[in-house]
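Each chain is listed here by its residues.
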Amino acid sequence: MARPRFRITAHTADVRLLVWGDTEQELLAHAVAGAMRLALDRDVSGLPIAWRRVRGRVRDLASTLVATVNEALFLLYSRREVTVAVAWSEGHVSLGALGLAAGVEPEREIKAATFHALQPRVAGRRRSAVLVLDV
């Protein structure tokens, strides 16, 4: 066999985030919490002071997952709001947000959640997905 003419190298522009939950709402909440943790390099918690509706209606789980994480990232970088809660009711997803504390800046820029290799799975009562974040 001839010597291969390719090389596999580490890819530093993506982060894979494995998320799971017992419900779709829990899966979305864990995906957002993971994205916030990656962006801020710390866990976030608290009671939301404002609720922001994710644009569009809930369609399939993959589209809803990407739209929800991307809206949370938009709130973080554009409005300086940290998402600390996710609610799913009547065909819509809403994000509960807090203002980013004074002097706190994101440690990493996450450009977007992507559809790359995204295949949410349901096994019994557990939902899971591998979400690729473009950093």
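In short, a report on the structure. Please read these numbers as outputs of a predicted model, since none were measured by experiment.

Attention shifts here to the pattern of salt bridges. Summed over the entire model, instances satisfying the criterion amount to six salt bridges. Two residues, R37 and D43, come together in a salt bridge whose shortest N-O distance is 3.2 Å. Since its relative accessible area comes to 64%, D43 is described here as exposed. Notably, a salt bridge pairs R55 with E71, separated by 3.1 Å at the nearest N-O pair. Of this pair, R55 sits in the loop between β2 (50-53) and α2 (61-79) while E71 is found in helix α2, placing the two residues 16 residues apart along the sequence. On the basis of relative accessible area, E71 is assigned to the buried category, the value being 9%.

Next up on the list: the packing of aromatic side chains. Scanning all chains against the criterion turns up zero aromatic pairs. Above the ring of F74, the side-chain terminus of R55 is found at 5.9 Å from the ring centroid.

How each quantity is defined
Residues numbered from 1 in each chain as written. Predicted model: local features only at pLDDT ≥ 70, side-chain atom pairs only at ≥ 80, totals over all residues. Heavy atoms only, no water. Salt bridge = Lys/Arg side-chain N within 4 Å of Asp/Glu carboxyl O. Buried < 20%, exposed > 50% of the residue type's maximum accessible area, 1.4 Å probe, protein only. Helix = DSSP H or I, 4+ residues; strand = E, 2+ residues; numbered from the N terminus. Phe/Tyr/Trp six-rings, centres within 6.5 Å; stacked < 30°, edge-to-face > 60°. Lys NZ or Arg CZ within 6 Å of the ring centre and 35° of its normal.

Spatial relationships are all this shows, so hold off on functional conclusions.
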